[in-house]
Amino acid sequence: MRPDQLLYPAPDGLFCPIGGFYVDPVRPVERALITHGHSDHARSGHAQVLATRQTLDIMRIRYGDGFSGSEQAVGFGEELTINGVRVRFHPAGHVLGSAQIAVEKDGLRIVVSGDYKRRPDPTCAAYVPVACDVFITEATFGLPVFHHPDPLDETAKLLASLRQFPERTHLIGAYALGKAQRVIRLLRDAGYDKPIYIHGALETLCGYYAGQGIVLGELLPATIESRDQSIFKGAVVVRPPSAFQDRWARRFHEPLPAFASGWMMVRQRAKQLGVELPLVISDHCDWPELTETIAELKPGEVWVTHGREEALVRWCELQGIPAKPLHLIGYEDEGD
């Protein structure tokens, strides 16, 4: 069997014609297998959704009870057979509940990585390498220029800024799912034990993480209408990127804008956003991690999805590994 007989890019997303299902489809379909809860991968309106329990819960939080016609929770390592196609979910290390999906038929195994990272992160299950014939990898940071620093060093930069500017409110931009909770946990693990204030858009997901056993410490709502504004002097406030430059952010005491993202390596992007303290903390692999993962897996082929596809395809070809870009549309960088 050729790999493209088992899985191929269709207009609605990666499609398995034998199994009759899509992986992370970009439009509503009859049966969808979802890698994780970010909105560019997990959309509402599917007739049936298969995902990890945590991803299903996150989809319900984000879209409401009617996010799909029906749902089925799949545990890590659990094997399902769908119309003769074997399917397994494996940890991807991206955010809570994130999974790689292995699709197998007649001895041919294709692994759809979704979004993944290799750095330690106590807020989600760690990435597990899965041997395969075809590895479908993201390439969000698929250029040799992207070498992300140690997140512990970036956290130390934030703590140093808090000591240097004890009167200023440090407003940290972080995506609501995954990044916000990781930044909070990095601060806690670095010894920061003061209350951390969070934007209302983060409260439900932070509460869910805490309910899943992820220790985030004392979190308080970042509302100032009914509070003495002086309590925010020297405080840490975590907010989503959408609240980065709105009037809400300007109400705090001498706000110091920070942003946690792998894209903060790009100085021009930080400057455009008005970021004073860029924190290069990514929930995706950088270039060395992408290439090291492929070298470790030794797949027969590599298919490259959303991101900087051509550079990684070229690297694979130079290593003697057949590779091709899939040119899938509809995937952004919400997770970073």
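Look a little higher up for the structure.
A. Representation of the pairing of strand E9 (residues 99-105) within the structure. Buried residues dominate E9, accounting for six of its seven residues. Across six bridges, strand E8 (residues 85-91) lies against E9 in antiparallel orientation. Note on E9: the bridge partner recorded for arginine 86 is glutamate 104. Counting the residues between successive antiparallel strands, the hairpin from E9 to strand E10 (residues 108-112) contains two residues, one of them, aspartate 106, with a positive phi of roughly 50 degrees.

B. Molecular detail of the nonpolar core. Core analysis: the largest hydrophobic core is formed by 33 residues, its most contacted members being Ile172, Ile196, Val236, Val238 and Leu279. Sequence-distant contacts of isoleucine 172, defined by excluding residues within four places in its chain, comprise Leu158, Val183, Val236, Val237, Val238, Arg239, Ala258, Ala260 and Leu279. The next biggest cluster of nonpolar side chains, apart from the first, holds 25 residues, and it includes Phe21, Val103, Val134 and Trp303.

C. Here's a closer look at the sheet that holds strand E18 (residues 301-307). Read from one edge to the other, the open sheet built from seven strands follows the order E7-E8-E9-E10-E11-E18-E19, with strand pairing classed as mixed. Unpaired on one side and paired on the other, strand E7 (79-82) and strand E19 (323-325) mark the two borders of the sheet. Geometrically, the sheet is characterised by an average inter-axis angle of 20 degrees between neighbouring strands, direction not taken into account. Across the sheet, helix H8 (residues 287-297) is in contact with strand E11 (134-139) and E18; its angle to E11 comes to roughly 175 degrees.

D. Looking closely at empty space enclosed by the protein. Applying the stated criterion across every chain yields a total of three cavities of 30 Å³ or more. The computed volume of the largest cavity comes to approximately 90 Å³. If you trace the largest cavity, you find 14 residues lining it, with Leu14, Asp24, Val112, Gly114 and His306 closest to the centre. Those elements that place two or more of their residues in the lining of the largest cavity are E11 and E18. Looking at which element gives the most residues to the lining of the largest cavity, the answer is E11, with three residues. Along the lines of polarity and charge, the residues of the lining of the largest cavity split into six nonpolar, six polar and two charged. Taken as a whole, the second largest cavity holds about 50 Å³ of empty space. Lining of the second largest cavity is provided by Arg119, His148, Pro149, Pro151, Arg182, Ser282, His284 and Glu289.

E. Region of the structure containing the pairing of strand E6 (residues 68-73). By the bridge criterion, five bridges tie strand E5 (residues 46-51) to E6 in an arrangement that is parallel. Bridging from a neighbouring strand, glutamine 48 pairs with serine 70 of E6. Note on the crossover from E5 through helix H2 (residues 53-63) to E6: the handedness is right-handed.

F. The packing of helix H3 (residues 151-164) against helix H4 (residues 179-189), seen in detail. For the pair H3 and H4, interaxial distance at closest approach is 10 Å and the crossing angle is 75 degrees. As judged from the angle between their axes, H3 and H4 are roughly perpendicular. Of the residues in H4, those touching H3 at Pro151, Leu152, Thr155, Leu158 and Leu159 are Arg182, Leu186 and Leu187.

G. Up close: the sheet that holds strand E12 (residues 170-173). Overall, parallel pairing links the six strands, which are arranged E14-E13-E15-E12-E16-E17 in an open sheet. Across the chains shown, the open sheet's two edge strands, defined by having one partner strand only, are strand E14 (219-221) and strand E17 (277-279). The sheet shows a mean angle of 30 degrees between the axes of neighbouring strands, direction not considered. One ladder, built from four bridges, connects E12 with strand E16 (residues 256-260); its direction is parallel. The residue bridging isoleucine 172 from the neighbouring strand is alanine 258, located in E16. Docked against the sheet, H3 engages E12, strand E15 (236-239), E16 and E17, running at close to 155 degrees with respect to E17. With respect to the sheet, H4 is in contact with E12, strand E13 (196-198), E14, E15 and E16, its orientation differing from that of E13 by roughly 170 degrees.

H. Main features of the packing of H8 against helix H9 (residues 309-318). At their nearest, the axes of H8 and H9 sit 11 Å apart, and the two run at 40 degrees to each other. Taken together, the axes of H8 and H9 lie oblique to each other. Considering the relative orientation of H8 and H9, their crossing is right-handed. On H9, the residues touching Trp287, Leu290, Thr291 and Ile294 of H8 are Ala311, Leu312, Trp315 and Cys316. Grouping the constituent residues of the contact of H8 with H9 by class yields seven nonpolar, one polar and no charged.

Basis of the calculations
- Residues numbered from 1 in each chain as written.
- Predicted model: local features only at pLDDT ≥ 70, side-chain atom pairs only at ≥ 80, totals over all residues.
- Heavy atoms only, no water.
- Buried < 20%, exposed > 50% of the residue type's maximum accessible area, 1.4 Å probe, protein only.
- Helix = DSSP H or I, 4+ residues; strand = E, 2+ residues; numbered from the N terminus.
- Pairing = 2+ DSSP bridges.
- Core = buried A, V, L, I, M, F, W, Y, C linked by side-chain atoms within 4.5 Å.
- Contact = heavy atoms within 4.5 Å.
- Axes fitted to C-alpha atoms, helices over the stretch in contact; angles between N-to-C directions.
- 1 Å grid on protein atoms, 1.4 Å probe; cavity = no way out; pocket = protein on both sides within 12 Å on 5 of 7 lines; lining within 4 Å.
- Points joined across faces, edges and corners; volume = space filled by probe spheres on them.
- Nonpolar A, V, L, I, M, F, W, Y, C, P; charged D, E, K, R; others polar.
- Right-handed = clockwise from strand over helix to strand, strands pointing away.
- Parallel < 35°, antiparallel > 145°, perpendicular 65-115°, else oblique.
- Left-handed = near helix turned anticlockwise from the far one by under 90°.

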